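Each chain is listed here by its residues.
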Amino acid sequence: MKIQMVSIDYTTAPLAVRERFAMAEASCLKAYQEIRKEAPSCGAVILSTCNRTELYLSDTEIPAVDLLCRIRALDPKEYAGYFVHRQGIPVLRHLMEVACGLRSQIIGEDQILTQVRLAAQHAREAGASDAVLETVFRLAVTAGKRARTEYVLSKTPVSAAQHAISAAQTRFGSLQGVPALVIGNGETGRLAATLLVQAGCQTAITLRQYKHADNVIPEGCRAVEYALRFAEAEKVSLLVSATKSPHYTVAYADACAMKRRPRLFLDLAVPRDIDPQIASFPDTEILDIDTLGGGGGADMEALAGCAAIMDKETERFLHWYTVRKNLQQKDGKQNG
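Cut-offs used in this document
Residues numbered from 1 in each chain as written. Predicted model: local features only at pLDDT ≥ 70, side-chain atom pairs only at ≥ 80, totals over all residues. Heavy atoms only, no water. Pairing = 2+ DSSP bridges. Helix = DSSP H or I, 4+ residues; strand = E, 2+ residues; numbered from the N terminus. Axes fitted to C-alpha atoms, helices over the stretch in contact; angles between N-to-C directions. Salt bridge = Lys/Arg side-chain N within 4 Å of Asp/Glu carboxyl O. Buried < 20%, exposed > 50% of the residue type's maximum accessible area, 1.4 Å probe, protein only. Expected span 1.5 Å × (residues − 1). Arc of directions from axis to C-beta. Contact = heavy atoms within 4.5 Å. Polar contact = N/O pair within 3.5 Å; in protein donor to acceptor, adjacent residues only side chain to side chain. 1 Å grid on protein atoms, 1.4 Å probe; cavity = no way out; pocket = protein on both sides within 12 Å on 5 of 7 lines; lining within 4 Å. Points joined across faces, edges and corners; volume = space filled by probe spheres on them. Core = buried A, V, L, I, M, F, W, Y, C linked by side-chain atoms within 4.5 Å.

Turning our eyes to something else, we now look at the sheet that holds strand β4 (residues 84-87). Across the sheet, which stays open at both edges, the 4 strands sit in the order β2-β3-β1-β4 with antiparallel pairing between neighbours. Looking along the sheet, the strands with just one partner apiece sit at the ends: β2 (43-48) and β4. In this sheet, adjacent strand axes meet at a mean angle of 15 degrees when their direction is disregarded. Alignment of strand β1 (residues 3-9) against β4, held across 4 bridges, turns out to be antiparallel. The partner of serine 7 across the bridge, within β4, is valine 84.

We now examine the pattern of salt bridges. Working definition: two side chains of opposite charge can pair if their charged atoms are close together. Enumeration over the complete set of coordinates arrives at 14 salt bridges. In this structure, aspartate 290 and arginine 18 form a salt bridge, with 2.8 Å as the shortest nitrogen-oxygen distance. One end of the pair, aspartate 290, is in helix α12 (residues 289-292); the other, arginine 18, is in helix α1 (residues 15-21), with 272 residues separating them in the sequence. Judged by its relative accessible area of 26%, aspartate 290 is partly exposed. With a shortest N-O distance of 2.9 Å, glutamate 313 and arginine 316 are connected by a salt bridge.

Moving on to helix α2 (residues 25-38). Under the 1.5 Å per step criterion, the end-to-end length of α2 is 20 Å for 14 residues, consistent within 8% with the ideal 20 Å. Turning to α2, its buried residues number three or more, namely Cys28, Ala31, Tyr32 and Ile35. All buried residues of α2 project into a common sector of 105 degrees when viewed along the axis, lining one side. Exposed residues pointing more than 90 degrees away from the buried face of α2 are listed as Ala26, Lys30 and Lys37. Where α2 is buried, its residues contact β2, β3 (52-58), α3 (64-71) and α6 (111-125).

Let us now look at the side chain of serine 7. Within the secondary structure, serine 7 sits in strand β1. For serine 7, a relative accessible area of 2% puts it in the buried group. Reaching out from serine 7, the side chain makes a polar contact with the side chain of glutamate 54 at a distance of 3.0 Å.

Once that is clear, we can look at the layout of surface pockets. There is about 210 Å³ of room inside the second largest pocket. Around the second largest pocket, the lining residues are Met1, Lys2, Ile3, Ser58, Asp59, Asp130, Ala131, Val132, Tyr321, Arg324, Lys325 and Gln328. Going through the elements one at a time, α7 (131-150) and α13 (300-335) are the ones with two or more residues in the lining of the second largest pocket.

Looking now at the nonpolar core. Formed by 62 residues in total, the largest nonpolar core has its most connected members in Tyr32, Leu55, Tyr56, Phe83, Val116 and Phe137. Here this core takes 9 residues from α7, the largest share from any one element. If near-sequence neighbours (up to four positions away) are discounted, phenylalanine 137 is found in contact with Val45, Tyr56, Leu95, Val116, Ala119 and Ala120. Of all hydrophobic cores here, the second largest spans 31 residues; its members include Ala168, Val182, Ala199 and Leu266.

An ideal rise of 1.5 Å per residue puts 16 Å on 12 residues; helix α9 (residues 187-198) measures up with 17 Å between its terminal C-alpha atoms. Listed as buried for α9 are Thr188, Gly189, Ala192, Ala193, Leu195 and Leu196. Taken down its axis, α9 places every buried residue within 165 degrees of arc, on the same side. On its buried side, α9 packs onto α6, α8 (160-172), β5 (179-183), β6 (202-207) and β8 (238-241).

Take a look at the structure:
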């Protein structure tokens, strides 16, 4: 069974290392093109989230870690200690655990299931996936959906945005009336803005002029042009940034130029949106994905239920794989 994967995640590497391997959709597309040049017949899917970057491969002898490092123009020897490599059925089992939210910093988090599904979709659209990886990802998504339908894994907040807003409430005591700015109009940014409004914040959210048709302004929020974010940041006490930008949305020089800076920055992006040097200003704090940490532990009964779900989906994959292999052998004999 020629399936393998390599993973670098929050359990093996600090954020400063993980962000070097993080890939947005455009970067993934370029990576698929490079993989196709080196291994034309192999299937590939890249899963890149705030917590992890993982490369899944099928039908190739080239080690996944070598391909991943080449894609990112990094030396595999320098980063060898940060990777976990899996082959065969453990690849499927790991991906199902990821889809169920069991390998997230926040147990049972909501967004990872969508991220797994979209990773497979983008690989398919790029012509990078194959039948084996399509099946692996389809069954992992099925396991994740069933886990969320049938069990409550954790009673703590189940998204990075919820966890971040909860941390902000702890620091402010109450968010009622606190002026806040959210940079980023993607899923995480919109969720954070909605949660801030619900908590009583006077909330503004950025939008990019050239993407007006794609922007959605959550109810109760005020829209601010992205280019005017620094002027708006001078007025707020809490700033949340959650974009897919490869560059800082607030750099140290930008913060130096501000007449007044937010008291708390919540950075929900990987690579990071907020320049870590900003934390050196007096009375200024930055919480990123790693410093926010995770929620509580998972419910043991729910974990057992998820394990049973994953066992069932593993059986389905083995049956599918066996039938497929037998058919290929039969066709080979007939053609021979």
